[in-house]
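# Observations on chain architecture
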Amino acid sequence: MTNNFSLHPVDETSANVLNDRGLRYGLVDTSDRESFAEWIQADSRGFHGAIMSQEQVDSTIAGVAYRRTVGVWDETLVEPQIPVATTSSWTEQLTVPGGRSIDAWAISSVTVSPTHRRRGIARALLEGELKSAAAMGLPLAMLTVSESTIYGRFGFGPAVFASALTIDAKRATFTSNQRPGRLQPVSPSDFRDKAPELFERIRTSTPGQIEIWPLRWEQIAGVAPGDEEHNKNTRIVRFDDEAGAPRGFVVYRVTGGSADFTKHKLTVDYLLAESSDAYEALWRFVLEVDLVHEVNSDLRSIDEPLLWHLTDRRAVTATPTDHLWLRILDVPAALQARRYEAPARICFDISDSLGFAHGTFLLEVDEAGAAHATPVDEVPSGAAAVALTINELSSLYLGGVAVDSLVASGRVRELTPGAALVLERTFHSPVAPWLSVWF
Ligand SMILES: CC(C)(COP(=O)(O)OP(=O)(O)OC[C@H]1O[C@@H](n2cnc3c(N)ncnc32)[C@H](O)[C@@H]1OP(=O)(O)O)[C@@H](O)C(=O)NCCC(=O)NCCS
């Protein structure tokens, strides 16, 4: 993570729009603890969170002060120092197909006070964020969303989906025998010491994963102040390979059981595995804990290998949902940053109501999967061509969305016969995109 973005000024057009409505739009000086604390409380209120304790505010200040922190203030209010709207953004590493990661503009903490809703504040903020990201030369913006209805109008499309798993532990027996290796309970400090490094070793093998920042690791480990009940219940188990090297962790909580002691629920808050042995051993562990009848886990891959380990795959109920939304800002830079599965010449006729990506672009992929992309005046002869909006191209970008579905729903239009198939073969990622955290 770099922080040269954090002082980038707010967009002038959005500042003028908000100023005309009597509102001030500006950066929060995150070294000024008092004003940053006001912003943090406004952010929590915006998501219907509780008033934060001083300890929680201190931990948030330490954890996210590196981000570009933006507020909107209504100076006519009784308490004008509390922002009526917030956003926080930073350059974040996003894994793209081909085992590499690129800088993307991560946008978080988008809130508008309920007293100031639906008067265009979020629109001014989002358009401002996108213009700032484009001005900084970032090829795309991304966010995880509270509602899937909000961000399409700004050119975002869902690109990574996640599954919430509910598993009937008694039905979940494994097809294979236990593999070699060893499990042991460990403390949060062992997890915080080793898990980030382990995650970094595997992060670029899955499109959609991002770099996880230290405060998020503390929250996963159950040591960040905030939800004390959650933290008290957090347990961690580590898997070591035969040579004794840590290859995975599971962070979980066991709750319930008051009405029937044999019916506790186990929630997997994070399962990190560097090898298939670690993966199988950690899932086997949580599914075999005594006095547990149901195991839950959110934000798992939509192509979770666990189902193939079980004799009865109907032991698992998987509920998929959209998770990571992308918004391409610079089409050639974004398209050239990833690798592709097949050589091709594909022309995109892109509509973008905000203008960033509007136009016709030719993508040429060589035998090695490397790409060159450039704006063109018209569809070159011999190229496969499609018409779509920037939302759909952003959805397709990581290779986890089926082109066929977008064609069938009228969101992608073939301009040359068979173009959808060429696009599918070229863009498809052999590894299902997955993002294991919220941001
Ligand atoms: C979502 C939220 C930020 C919107 O703020 P806002 O200032 O009321 O939004 P705006 O008035 O700028 O609306 C901008 C556009 O989005 C639409 N919109 C706003 N909130 C929406 C929602 N929840 N669902 C669908 N559309 C929404 C508006 O109708 C408007 O559409 P248009 O400009 O195309 O006509 C605000 O309601 C909020 O803070 N919600 C709770 C926190 C949250 O969920 N934040 C999002 C985190 S990912």
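Just so it is clear, the structure is predicted and the values come from calculations on it, not from any experiment. (Residues numbered from 1 in each chain as written. Predicted model: local features only at pLDDT ≥ 70, side-chain atom pairs only at ≥ 80, totals over all residues. Heavy atoms only, no water.)

## Topic: the overall build of the protein
Within the protein, the regular secondary structure consists of 13 helices and 17 strands. Computed over its C-alpha atoms, the radius of gyration of the protein comes to 23 Å, within 12% of the 22 Å expected for a compact globule of 439 residues. In terms of its C-alpha atoms, the protein occupies a principal-axis envelope of roughly 65 × 65 × 40 Å. Within the span of the protein, comprising 439 residues, buried residues form 52% of the whole. Counting only contacts in the protein whose residues sit at least 6 apart along the sequence, the fraction spanning at least 24 positions is 72%. For the protein, the accessible surface area stands at approximately 19500 Å², while carbon and sulfur atoms represent 49% of it. In the protein, the 40 positive side-chain charges and the 57 negative ones have mean positions that sit 4 Å from each other. (Helix = DSSP H or I, 4+ residues; strand = E, 2+ residues; numbered from the N terminus. Rg over C-alpha atoms; globule rule 2.2 N^0.38 Å. Buried < 20%, exposed > 50% of the residue type's maximum accessible area, 1.4 Å probe, protein only. Contact = heavy atoms within 4.5 Å. Areas by Shrake-Rupley, 256 points an atom, 1.4 Å probe, with all protein chains shown as cover. Lys, Arg positive; Asp, Glu negative; His and termini not counted. Charge placed at Lys NZ, Arg CZ, Asp CG, Glu CD.)

## Let's talk about helix α2 (residues 33-46)
Owing to its 3.6 residues per turn, the α-helix aligns residues three or four sequence positions apart on the same side. Here α2 contains 14 residues, and its C-alpha end-to-end distance of 20 Å stays within 8% of the 20 Å for a straight helix at 1.5 Å per residue. Taken residue by residue, α2 has Phe36, Ala37, Trp39, Ile40, Ala42, Asp43 and Ser44 as its buried positions. For α2, the secondary structure elements touched by its buried residues are α3 (54-64), β2 (68-73), β3 (85-96) and β4 (100-112). A positive backbone phi angle near 60° is found at His48, which sits one or two residues after α2. (Expected span 1.5 Å × (residues − 1).)

## Side note on the domain arrangement of the protein
Along its sequence, the protein is carved into domain 1 (12-155), domain 2 (163-321) and domain 3 (331-427). Averaged C-alpha coordinates put domain 2 and domain 3 at centres separated by 37 Å. (Domains from an automatic or database assignment.)

## Comments concerning the nonpolar core
Counting 92 residues, the largest nonpolar core has Phe156, Phe348, Tyr397 and Phe427 as the members making the most contacts within it. Sort the elements by how many residues they give to this core and β4 lands first, with six residues. Those residues within four positions of Phe156 in sequence are excluded, and the remaining contacts are Ile107, Leu126, Leu130, Ala141, Met142, Leu143, Tyr151, Trp325, Leu326, Arg327 and Asn391. (Core = buried A, V, L, I, M, F, W, Y, C linked by side-chain atoms within 4.5 Å.)

## So, the sheet that holds β4
Pairing in this open sheet of 12 strands is mixed, and the strands run β1-β2-β3-β4-β5-β12-β6-β11-β10-β9-β8-β7 from one edge to the other. Bordering the open sheet on either side are β1 (24-27) and β7 (182-186), each of which pairs with just one other strand. Ignoring strand direction, the axes of neighbouring strands in this sheet form an average angle of 25°. (Pairing = 2+ DSSP bridges. Axes fitted to C-alpha atoms, helices over the stretch in contact; angles between N-to-C directions.)

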